[in-house]
Amino acid sequence: MSSMDVPAEVPHQAGQQTTTTGTTTAVTAGRRPATPTMTWVTLALMTTASVASLRAAPTMAVYGLACVFLYLVPAVAFLLPTALVSAELASGWSGGVYRWVAEGLSKPLGFLAVWCQFAMTIFYYPSLLAFVASTIAYVIDPALASNGLYTAIVIMVLYWTGVWVSSRGTKTLAGLSSWGLIIGTLVPGTILVVLGMVFLGQGNPSAAPMDGSHLLPQWTGLASLVLIVNNFLSYSGMEMNAVHVSSLKDPAKEYPKSMFLAMGLVLLIFILPALAISWVVPADKLSLTAGVMQAFDAFFAYFNVGWMTPIAAVMLISASLAGMLTWLAGPSKGLLEISRHEGYLPPFLQKLNKYGIQQNILVTQGVVTSLIALGYALIPNVSSVYWIFSTITTQVYLIVYLLMFAAAMRLRKNQPDHPRGYRVPALGLVCVVGLLASAAALAIGFVPPSQFAGGSVWSYILIVGGGLVILGLLIPWLFLRFRKPSWSAAATGDNGRETTS
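Cut-offs applied
Residues numbered from 1 in each chain as written. Predicted model: local features only at pLDDT ≥ 70, side-chain atom pairs only at ≥ 80, totals over all residues. Heavy atoms only, no water. Helix = DSSP H or I, 4+ residues; strand = E, 2+ residues; numbered from the N terminus. Buried < 20%, exposed > 50% of the residue type's maximum accessible area, 1.4 Å probe, protein only. Contact = heavy atoms within 4.5 Å. Areas by Shrake-Rupley, 256 points an atom, 1.4 Å probe, with all protein chains shown as cover. pLDDT = per-residue confidence, 0-100. Expected span 1.5 Å × (residues − 1). Axes fitted to C-alpha atoms, helices over the stretch in contact; angles between N-to-C directions. Parallel < 35°, antiparallel > 145°, perpendicular 65-115°, else oblique. Left-handed = near helix turned anticlockwise from the far one by under 90°. Nonpolar A, V, L, I, M, F, W, Y, C, P; charged D, E, K, R; others polar. Salt bridge = Lys/Arg side-chain N within 4 Å of Asp/Glu carboxyl O. Core = buried A, V, L, I, M, F, W, Y, C linked by side-chain atoms within 4.5 Å. Phe/Tyr/Trp six-rings, centres within 6.5 Å; stacked < 30°, edge-to-face > 60°. Lys NZ or Arg CZ within 6 Å of the ring centre and 35° of its normal. Arc of directions from axis to C-beta. Patch = residues over 30% accessible without salt bridge, like charges linked within 9 Å, V, L, I, M, F, W, Y side chains within 5 Å.

### A look at the overall build of the protein
- On a plain count of helices and strands, the protein comes out with 19 helices and 0 strands.
- In the protein, which comprises 501 residues, the proportion classed as buried is 57%.
- Of the contacts made within the protein by residues no fewer than 6 positions apart, 83% connect residues no fewer than 24 positions apart.
- Surface accessibility of the protein: about 19,700 Å² in total, with carbon and sulfur atoms responsible for 68%.

Encoded structure:
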C-alpha cells in the first residue's frame, strides 16, 4: 500500500523551526536551511518507499492491460495535486494536516481531518492483515486463503500482538518499514515481473489479452470502473513526505522533479507486477487478498522451483507486519497530542502507560478492529469483505484530502504573504482538480464493483455508507459535541502518565 509504510504526522515535524512558546508553533519553514540536507532524488526514493506496495496489485490485475490506464488516471488527477499542495502547506505551516486545516478553515474541521487520518486505520488494519493471512495460508494450506474464520483469527492474533509490542515502547522495529520497500516490494516485485517476462518469452499465452484493443477497460456499466477508487488510497500519503520540502537546495525547482521521478517509480512498481499477475492468473480465479501468492505459486510451479513459495511469502509478510507496527502508534500519537492540547478526547483516551505510549487508544482501537475482523468470519466471500473494508478505508481518508485542498485555497487567499518554501503554480486549478478527483472517488466508492459477489447493491451501499458516516463523521462530531474544558491537559496540568507499573 502504500502510504501505510510510514507513520502519520504528529503536531511537530522535523525540519521546521519553532518558537519555544506553546505547542502551536510559529513556523519559519518558509526559509531555506543554510545547508541543504536532502537531494531531490533522495526525497523521490523516500516518497516511493512510503507509497508503493504490491498489496493492491491483484485488485488491478483483474483488468489486465487496462490496469495501465486505471493507474495513470488517479496518478495525474490525484497523486500530483496531493504532492504539490501538501508541499506548499508543509513548507509554510508546521503541525501537519491538523494545523493546515485549522489555519485554513477551522479548528473543529482540523480535528475532523486528523481524526479521519487516524480512523481510516481501523479498517486498514483488517484489510492489511487479511492480506497477511492469505499469504501465510499459501505456506500452510492454500485452501485457508478463502476461509473467513481462519482470516478473522489471524487478524486478531496479529493485531493484538502488535498492540502489545507498541505499548511496550519498543523502538527496535521502527526502522523495519524503511526496509519494506526492498524486502517486501522491490525484490519480490522484480522476481514476479522477470518470471512473467520469461514465461511469455517462452511462448506461453497470457491469461489476459495484451493487444491494443484492451488498453481501456471494457465498459459494462459504472461498476466496471469502480476498482479505480482503490488506487486513490494506494497513492495516498504524499502529504507525509512533503514536510521535507524545506530540506531541498532549491524547492521550487527540485520538488516537482522529485515528485515526477517518484510518480514514475511508483507507477512501475504498481503496474508491472499487476501485469505479471494477469499473465498467469485468470481474472475469474484471482483472489483480491491472495492474488500475489497465486501468481508466485503459478510461476514457481511452472519453473519447478516450488520451494521458493514460502520464501516469497515470508518476504511479503515481513514487510506488511513491519508497516503495521510502524503505523500502529503513529496516527494515534498524532491524535493524542492534538487532543491533549485542545481537549478533544476524554481523559480516559489521553492516558499514557509507564512507557509513555497511548495504550488506552490502542486498546480501544483494537476492540473495534476485532469486531470488524469478525466480518471475515460472518461473510462467506473473503475477497468481498476485503474489498468492502478497503473501500471504507478510502472513503474515510478522502475526507482528509477534501479538507486539505479547500484549506490550501483558503490559505493562499487569506494569507498570501505568509512565508512558504514552495508555491504551487496555478494553485487554484490544481486544488480544483484534486477536489473533483477526491469527490468523484468518494461517489464511485458507493457503487459495488463488478467482482463483488455478496448481497444486493443497497446492502453494499448501506455497509460502505454506514462505515463512512459513523466512523468518519458521527464519532468526531460526538467528541466535539460533548467536549469539556477539563479534557485539556493544559487546563489540568496532567501529563496523563500512569505512575504504577
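### Considering the confidence of the model for the protein
- Per-residue pLDDT for the protein has a mean of 78; in total, 80% of the residues score no lower than 70.
- Scored below 50 in pLDDT, residues 1-34 shows 101 contacts in the model against residues more than four places distant or in partner chains.

### Quick look at helix α10 (residues 251-280)
- The first and last C-alpha atoms of α10 sit 44 Å apart over 30 residues, in line with the 44 Å expected at 1.5 Å per residue.
- The buried count for α10 comes to 21 of 30 residues, which makes it a mostly enclosed element.

### Side note on the packing of helix α5 (residues 107-140) against helix α15 (residues 359-378)
- Between α5 and α15, the shortest axis-to-axis distance is 9 Å and the interhelical angle comes to 50°. It follows from the interaxial angle that α5 and α15 lie oblique. Like other packed secondary-structure pairs, α5 and α15 cross with a definite hand, here right-handed. When α5 is examined against α15, the residues F118, T121, I122, F123, Y125, P126, S127 and A130 are found in contact with a partner set consisting of I361, Q365, V368, T369, I372 and Y376.
- Residue classes in the contact of α5 with α15 are distributed as 10 nonpolar, 4 polar and no charged.

### Let's talk about the pattern of salt bridges
- Summed over all chains, the structure comprises 5 salt bridges.
- Taking the shortest distance from any N to any O, the salt bridge between E88 and R420 comes out at 3.0 Å. Here the residue E88 occupies a position in helix α3 (residues 67-90), and R420 occupies one in the loop between α16 (382-414) and α17 (427-444), the gap between them amounting to 332 residues.
- Of the charged contacts in the structure, one is a salt bridge between E103 and R99, with a shortest N-O distance of 3.0 Å. Residue E103 and its partner R99 are located together in helix α4 (residues 96-104), separated by 4 residues, close to a single helical turn.
- For E103, a relative accessible area of 33% translates into the label partly exposed.
- Note on R99: relative accessible area 11%, which makes it buried.
- Each of E88, R412 and R420 takes part in one network of salt bridges that share partners.

### Thoughts on the nonpolar core
- Counting residues in hydrophobic clusters, the biggest one holds 144 residues, and the most contacted among them are Y71, V85, Y235, Y255 and I277.
- Broken down by element, this core gets its largest block of residues, 21 residues, from α5.

### With respect to the packing of aromatic side chains
- Summed over the entire model, instances satisfying the criterion amount to 15 aromatic pairs.
- Within the aromatic cluster, the residues linked to one another by ring pairs are Y98, F111, W115, F118, Y344 and F479.
- We note R481 situated over the ring of F482; from NZ or CZ to the ring centre the distance is 5.4 Å.

### Digging into unusual backbone geometry
- Positive phi, close to 60°, is recorded for N304, a residue that is not glycine.
- Looking at the secondary structure, you find N304 in the loop between α11 (291-302) and α12 (309-328).
- On the accessibility criterion, N304 (67% relative accessible area) is exposed.
- With a phi close to 55°, A426 is a non-glycine residue in the positive phi region.
- By secondary structure assignment, the location of A426 is in the loop between α16 and α17.

### A look at the packing of α3 against α10
- Following both chains from N to C, one finds α3 and α10 inclined at 150°, their axes separated by 10 Å at the closest point. In terms of axis orientation, α3 runs roughly antiparallel to α10. Classified by chirality, the crossing of α10 by α3 is right-handed. Across from C67, V68, Y71, L72, A75, L79, L80, A83, L84, S86 and A87 in α3, the residues of α10 making contact are Y255, M259, F260, M263, L267, F270, I271, A274 and L275.
- Here the residues of the contact of α3 with α10 sort into 19 nonpolar, 1 polar and no charged.

### Let's talk about α17
- Taking 1.5 Å per residue, 18 residues should reach 26 Å; α17 reaches 25 Å between its end C-alpha atoms and fits that length.
- Those residues of α17 not exposed but buried are L427, V430, C431, G434, L435, A437, S438, A441 and L442. The arc that holds every buried residue of α17, seen down its axis, measures 165°, which confines them to one face. Residues L429 and L436 are exposed on α17 and point more than 90 degrees away from its buried face.

### A short note on the side chain of S278
- Turning to its location among the elements, S278 is positioned in helix α10.
- Once residues within four sequence positions are removed from consideration, S278 is found in contact with A61, G64, S206, A207, A208 and M210.

### A short note on the side chain of T135
- Looking at the secondary structure, you find T135 in helix α5.
- A residue is classified by how much of its surface remains accessible, and T135, at 1% relative accessible area, is buried.
- Once residues lying within four places of it in the same chain are set aside, the contact partners of T135 are M293, A313, L316 and I317.

### Topic: a nonpolar patch on the surface
- A contiguous nonpolar surface patch, about 610 Å² in accessible area, is contributed by W160, V363, V367, L371, L374, L378 and I379.
- On the secondary structure map, L371 appears in helix α15.

### Side note on the environment of P346
- Here P346 is to be found in the loop between α13 (330-342) and α14 (347-350).
- Here the alpha-carbon distance between P346 and F479, two residues 133 residues apart in the chain, equals 8.1 Å.
- Beyond its immediate sequence surroundings of up to four residues, P346 is in contact with F479 and W487.

### Considering the environment of V62
- Counting through the fold element by element, V62 comes out in the loop between α2 (57-61) and α3.
- Among the residues examined, V62 registers a relative accessible area of 14% and is labelled buried.
- Along the backbone, V62 and K285 are 223 residues apart, and their C-alpha atoms lie at a distance of 9.3 Å.

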